[in-house]
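Chain by chain, the residues:
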Amino acid sequence: MIQIQGLTKIYRKSQPPAVKNVTLEINQGEIMGFAGLNGAGKSTTIRIVSGIIFPTSGKVLVNGHDIVREKVEASKHIGWVPELPNFEPNGKAIPLLKYYAGFYGIGPREAEEKAEMLLKKFNVWEARKRPLKDYSQGMKKRFSIAAAMIGDPDNFLFDETLNGLDPEGVKNMRDFMLSLKKDGKAVFLSSHILSELENVADRIAIIRRGELIKVIDRSELGSLGKSSVKITLHNSDSKVSGILEEFGSVEINGNVVYIRDLNIPQAENYRITEALFGAGYRVISITTESEGLEEYFLQLVGEGK
Ligand SMILES: Nc1ncnc2c1ncn2[C@@H]1O[C@H](COP(=O)(O)OP(=O)(O)O)[C@@H](O)[C@H]1O
Ligand SMILES: [Mg+2]
């Protein structure tokens, strides 16, 4: 379990905080998405949770251990996959994994077996004799995941791990994260693309300019992604509801009618106009209010006020 409490990070006094008073809990068996534009403060938050940089104020507890004051104990329960994994360039996969394993108190023989299992699982086995500097970015990422798993920690931090993968890679990675969830792990996964998190996260925390502005539950995501339509009629009355209810949930406000949670594709909006016309109503205008999850997200985190 990861408890982030009032976390603030100021890199330079002359600049606004990179992370500002963020409070969030990620429970065992939960995948928490962490969405925000580039520069919003995702990596900073994740790096503080991983223990690699210090907060300016606030704290992080990992399985109850303070990441600053009990760093060694807290770190044992964390597996971190950085955005751009960086390893000792001349290092080789097996010795490195064994070295990390030592940190978790795993003996050399068990470490060797685990290293082999993980390198095979993440498709790095064939490259094990090459130095890490010769790995492609994708291989480095997969090796980094193997490294994060070597100590079988309870909590995982994935920074933009789905980013830049091909569709098959995205699917494999999602399946992998769901398997971690099934094993009761707490998973914290960042992305600057909200829809990347849509099919995997239980909740999505949205950060904007260092501040957590919203935590969305998975059950809310479906309706956020859907469009709504605004219709202005020349003459409206209560019978409009009955005519339009097949398209979504109808809300009438004078001559303006909203259909939310639209259940037809936007391209078929003409059906709405036809239905109204057929019943004798005159449509002055019909506009789509939002066009899906990503649009909603950009509105939420956008540079507007
Ligand atoms: N080491 C650093 N020194 C100074 N500023 C930094 C440093 N790392 C990140 N920042 C700044 O902190 C803010 C948040 O960055 P970051 O956490 O990397 O965002 P994200 O991962 O969401 O893209 C940005 O304005 C970035 O420029
Ligand atoms: Mg980042």
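None of the values given here were measured: they were computed from a predicted structure. (Residues numbered from 1 in each chain as written. Chains lettered and ligands numbered in written order. Predicted model: local features only at pLDDT ≥ 70, side-chain atom pairs only at ≥ 80, totals over all residues.)

## What to know about the site of ligand 1
Taken together, Tyr11, Arg12, Ala18, Gly36, Asn38, Gly39, Ala40, Gly41, Lys42, Ser43 and Thr44 make up all the residues around ligand 1. Within the shell around ligand 1, the residues separate by chemical class into three nonpolar, six polar and two charged. (Near = placed C-beta within 6 Å. Nonpolar A, V, L, I, M, F, W, Y, C, P; charged D, E, K, R; others polar.)

## Observations concerning the sheet that holds strand E1 (residues 2-9)
Across a sheet, strands are paired by hydrogen bonds formed along the backbone, either parallel or antiparallel in direction. Strand order in the open sheet made by the four strands is E2-E1-E4-E5, with antiparallel pairing throughout. Both outer strands of the open sheet, strand E2 (19-26) and strand E5 (65-66), are each paired with one neighbouring strand and no more. Pairing between E1 and strand E4 (residues 57-62): five bridges, direction antiparallel. Bridge pairing in E4 places threonine 8 opposite serine 57. Most of the contacts of helix H1 (residues 42-50) go to E1, to which it runs at about 120°, and overall it touches E1, E2 and E4. (Pairing = 2+ DSSP bridges. Helix = DSSP H or I, 4+ residues; strand = E, 2+ residues; numbered from the N terminus. Contact = placed C-beta atoms within 7 Å. Axes fitted to C-alpha atoms, helices over the stretch in contact; angles between N-to-C directions.)

## Points about the sheet that holds strand E10 (residues 211-217)
As summarised here, the arrangement of the six strands in space is E6-E7-E8-E3-E9-E10, forming an open sheet in which the pairing is mixed. Each edge of the open sheet is held by one strand with a lone partner, namely strand E6 (78-81) and E10. Taking each pair of neighbouring strands and ignoring which way they run, the sheet shows an average axis angle of 15°. Where strand E3 (residues 30-35) lies against strand E8 (residues 186-191), six bridges are found, and the strand directions are parallel. Across the sheet, alanine 35 pairs through a bridge with serine 191, a residue of E8. Against the sheet, helix H5 (residues 137-149) engages E6 and strand E7 (155-159), with an angle of about 175° to E6. Lying over the sheet, helix H11 (residues 293-301) contacts E3, strand E9 (203-208) and E10, oriented at roughly 40° with respect to E9.

## Notes on unusual backbone geometry
One non-glycine residue with positive phi stands out, namely glutamate 160, at about 55°. Residue position: glutamate 160 is located in the loop between E7 and helix H6 (167-182). Among the residues examined, glutamate 160 registers 22 C-beta atoms within 10 Å and is labelled buried. Non-glycine residue aspartate 261 carries a positive phi angle of around 50°. Mapped onto the elements, aspartate 261 comes out in the loop between strand E13 (256-260) and helix H10 (270-278). (Buried ≥ 20, exposed ≤ 12 C-beta atoms within 10 Å, placed from the backbone.)

## A closer look at the domain arrangement of the protein
Considered domain by domain, the protein is made up of domain 1 (2-222) and domain 2 (228-289). Just the C-alpha atoms count here: the centres of domain 1 and domain 2 sit 46 Å apart. (Domains from an automatic or database assignment.)

## Some points on the environment of serine 219
Of note, serine 219 is situated in helix H8 (residues 218-225). Taking the C-beta count within 10 Å as the criterion, serine 219 has 9 such neighbours and is therefore assigned exposed. Taking the C-alpha atoms as reference, serine 219 lies 28 Å from valine 256; in sequence the two are 37 residues apart.

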